[in-house]
2 protein chains.
Amino acid sequence: EEHLAMMNMDDPYANEPQRHPVLTIRTKKPFNAETPASLLVENFITPTEIFYIRHHFPVPDVDLSSDDYSIEIVGIDEKQSLNLNLDQLKTVYTPHSVTASLQCSGNRRSEMNRVKPVKGLEWAQGAMGNAVWKGVRLRDVLLDLGVKDSDENDNWHVRFDGLDMDPTSAPYAVSIPLSKAMDPRGDVILAYEMNGETLTRDHGFPLRVVVPGTTGARWVKWLTRIEVSKNESESHWQQNDYKSFNPSADWAKVDWSTAPAIQEMPVTSVICDPQDGETTTLQDGKLQLRGLRYAWSGGGRGIVRVDISLDLGKTWHVAELIDPVGLNRQWAWTRWRADLPVAVKETEVWVRAVDSAYNTQPEGMEHIWNMRGVMAVGYHKIKVSVNAD
Amino acid sequence: EEHLAMMNMDDPYANEPQRHPVLTIRTKKPFNAETPASLLVENFITPTEIFYIRHHFPVPDVDLSSDDYSIEIVGIDEKQSLNLNLDQLKTVYTPHSVTASLQCSGNRRSEMNRVKPVKGLEWAQGAMGNAVWKGVRLRDVLLDLGVKDSDENDNWHVRFDGLDMDPTSAPYAVSIPLSKAMDPRGDVILAYEMNGETLTRDHGFPLRVVVPGTTGARWVKWLTRIEVSKNESESHWQQNDYKSFNPSADWAKVDWSTAPAIQEMPVTSVICDPQDGETTTLQDGKLQLRGLRYAWSGGGRGIVRVDISLDLGKTWHVAELIDPVGLNRQWAWTRWRADLPVAVKETEVWVRAVDSAYNTQPEGMEHIWNMRGVMAVGYHKIKVSVNAD
Ligand SMILES: [Mo]
Ligand SMILES: [Mo]
């Protein structure tokens, strides 16, 4: 037993939280797991316990009672700095809640991998979720720090450090444009609650950044440091990862500096039920399709439409949107449904979404293929077998 | 001679401005004409005299010396109102300049028309231009009127009336979201200068709205009235035009209320030189391509890349961007160039752009076809014949 304790202490992953068995595990150490798509579409708000998990390192374990935890906030010059513990943060600033979907840059990578192998976790369609986040506005904190609403700092960044660290003790760190953080309609918050409860360790207890409309990699968990800077983060995750390139670029000769770090994500949509390869039974002669769309591109633009084709793009049906949609600050996904008559035993189903700037999805993964397998937002295409009802 | 004068007075188009002969005329009354693409790509700033013209009605002729002209600005309740003449507007508010591209919703409609006929002016690729606009910030005027920076008015609109009128004397009128008008980084201005000179009649003298990143239909010319409203404009141009639908929708049964009015436009790009069907001579064995891309989707997001394919999408080359590009508030287009080796006598060239949210263009016009022929932003595809050098 003493030997076992010793072993655990040597294993940086010895103190991981318990996870829900329904999650589909992609890697155990670090822990990466997604929600099965059929479950994802059941709820507008994804229950916390089945929300996808994407970690780079072991999960930090913060003891708030020990007085060790605080957030250091640093401005452009040394005179600007704040140091707040969680109680102070909650007391000083007005709470703000945001319903926002979170998605990994690599969601749907497995579909791109089928075109040609890519590097990265083999996500299906479930590396995303939707939650109600509660915290304080980063804008309010930065105004307190002395940051101005001005044109001149438009190219500045806000850097975030997490408590999670690589084996050399370098923290997970990234940055977002200061203009997004300062935007009164940007809804960037420092969140301490998820779905009405204290953040869980797997989702960043005690504090994570919520950056609506922006890729998951920027929503730093276990937040410990915020710094306003004239330049974006120099971290690996900002500079040499989470970028997309031309399909003809390859690892051997790519110049990472030629592409910007992914921040906002393009419009996308998926079919959740049935799933690719499944056999489904018609209801009143109709194929029942259910899915999700995200149109967070462009700062929370709502969706205009979700279109479905059962004949390889020759004709298109408009799906019904289940959840409420606004045209602005629409940070949450929308579930859709379509019941369509089919008269064949096998059918291919295509879905694509259109956002309120009429951006739509590319027709396939071929032309957007990239070596890192990110931004896999081509039409979602599945084949299903159909039983008459 | 008297008879001639009588005739002219009866013709609402008798008092039109002179236009540059290089413009390609699409309709004479109302006057609609575009810039040939080969000229468009010669300048970052399009010279005013060859800037495309898109009118719905005869061109108003405002006499500033007559004291008749003023702008009425009305808020949500009657107590909020301002009435300013041009001198007052210029004196009271700080001038602000913006370099912004303007594009008609129907630009490139002729390419979509080839898939299946659509309704609208047969624009090629030249119903767009780039200019430096100078005026006053609409935000400043609205703050003076008493409009607040608040979440509660996020769904309100700002309505604009022009002096141009339909035969029933209804003015051309549309609206934009108030959130765009109030955005400190939105750069919406009431412009009285274009490219360093007083606005010309064809471009809205004495005042037009400039709404960077938004479709041309909202940049009201000959502006005479501004009204803040809880609802968007009820005009024809807001409600029953300038909208896009599913490819399977048709005029007979479409419900216009189901689609939002076009505001922001999606990312697009075109090849300007050579043009479709041309024969071109290689330089040092290379095909010289020149073109434009616009990535105004998402509030002035810059472009990440312009990709060129000479083999129907199997491999892609990255074009060189000629003009400076920012990642934020990039309201102007960017010219690109690519010199690519070709070893065949006939080649098809494809171009597509990718914006900083990694939105890209659809592969063709087929799946985005819509009855009104708007948002024609599929890859631009041309065929050229090649002479060895
Ligand atoms: Mo991610
Ligand atoms: Mo237009």
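Residues numbered from 1 in each chain as written. Chains lettered and ligands numbered in written order. Predicted model: local features only at pLDDT ≥ 70, side-chain atom pairs only at ≥ 80, totals over all residues. Heavy atoms only, no water.

What follows concerns the interface of chain A and chain B. When the parts of a complex come together, some accessible area is lost, and that lost area is often taken as the interface size. Tallying the contact residues gives 51 residues for chain A and 49 residues for chain B. Buried surface at the junction of chain A and chain B, both sides included, amounts to about 4,000 Å², of which 44% is carbon and sulfur. A per-residue breakdown of the area chain A buries against chain B is headed by Arg185, Tyr358 and His367 of chain A, which together make up 20% of the total. Where chain A packs against chain B, one counts zero salt bridges. The interface formed by chain A and chain B contains 12 residue pairs in polar contact (both at pLDDT 80 or more). Every element with two or more residues in the side of chain A that touches chain B is listed here: α8 (297-300), β17 (303-309), β18 (317-318) and β21 (346-355) of chain A. Among the elements that make up the side of chain A that touches chain B, the one with the highest residue count is β17 of chain A (three residues). (Contact = heavy atoms within 4.5 Å. Buried area = accessible area lost by both parts, 1.4 Å probe. Salt bridge = Lys/Arg side-chain N within 4 Å of Asp/Glu carboxyl O. Polar contact = N/O pair within 3.5 Å; in protein donor to acceptor, adjacent residues only side chain to side chain. Helix = DSSP H or I, 4+ residues; strand = E, 2+ residues; numbered from the N terminus.)

In this section: the relation of the copies chain A and chain B. Note that the two copies of the chain are related through a rotation about an axis and a translation along the same axis. Least-squares fitting of chain A to chain B yields an RMSD of 0.0 Å, with the superposition described by an axial translation of 0.0 Å and a rotation of 180°. The transformation relating the two chain copies, once decomposed into turn and shift, fits a two-fold axis. When the interface residues of chain A are mapped onto chain B, 96% of them again fall at the interface, so both copies present the same face. (Least-squares fit on C-alpha atoms with pLDDT ≥ 70 in both.)

Before going further, it helps to spend a moment on the confidence of the model for chain A. Where the model shows low pLDDT, its predicted coordinates should not be examined in detail. All names here are of chain A. Confidence in the prediction of chain A, expressed as mean pLDDT, is 92, and 95% of residues score 70 or more. In the model, residues 1-6 has pLDDT below 50 throughout and makes zero contacts with residues more than four positions away in sequence or in other chains. Model confidence for the complex is summarised by a pTM of 0.92, with the ipTM given as 0.90. (pLDDT = per-residue confidence, 0-100.)

Residues and elements named next belong to chain A. Scanning the entire structure with this criterion turns up 34 salt bridges over all chains. Arginine 139 is the partner of aspartate 149 in a salt bridge, and the nearest nitrogen-oxygen pair spans 3.0 Å. Taken together, the residues aspartate 149 in the loop between α5 (138-145) and β8 (157-165) and arginine 139 in helix α5 connect sequence positions 10 residues apart. You can call arginine 139 buried: its relative accessible area is 16%. (Buried < 20%, exposed > 50% of the residue type's maximum accessible area, 1.4 Å probe, protein only.)

The next thing to look at is the sheet that holds strand β2 (residues 32-34) of chain B. Within a beta sheet, neighbouring strands are joined by backbone hydrogen bonds and run either parallel or antiparallel to one another. Residue and element names in this part refer to chain B. Taken together, the three strands give an open sheet; going across it, the order is β1-β2-β3, and neighbouring strands pair in antiparallel fashion. Both outer strands of the open sheet, β1 (24-27) and β3 (53-54), are each paired with one neighbouring strand and no more. Judged from the two bridges that link them, β2 and β3 form a sheet pairing that is antiparallel. Its bridge partner being in β3, alanine 33 is matched across the sheet by isoleucine 53. (Pairing = 2+ DSSP bridges.)

Further remarks concern the pairing of strand β9 (residues 171-177) of chain B. Residue and element names in this part refer to chain B. Counted residue by residue, β9 has six buried out of seven residues, so it is predominantly covered. With six bridges joining them, strand β8 (residues 157-165) and β9 adopt antiparallel strand pairing. By the bridge assignment, histidine 157 is partnered in β9 with proline 177. What sits between the antiparallel neighbours β8 and β9 is a turn of five residues, in which serine 169 has the positive phi angle 70°.

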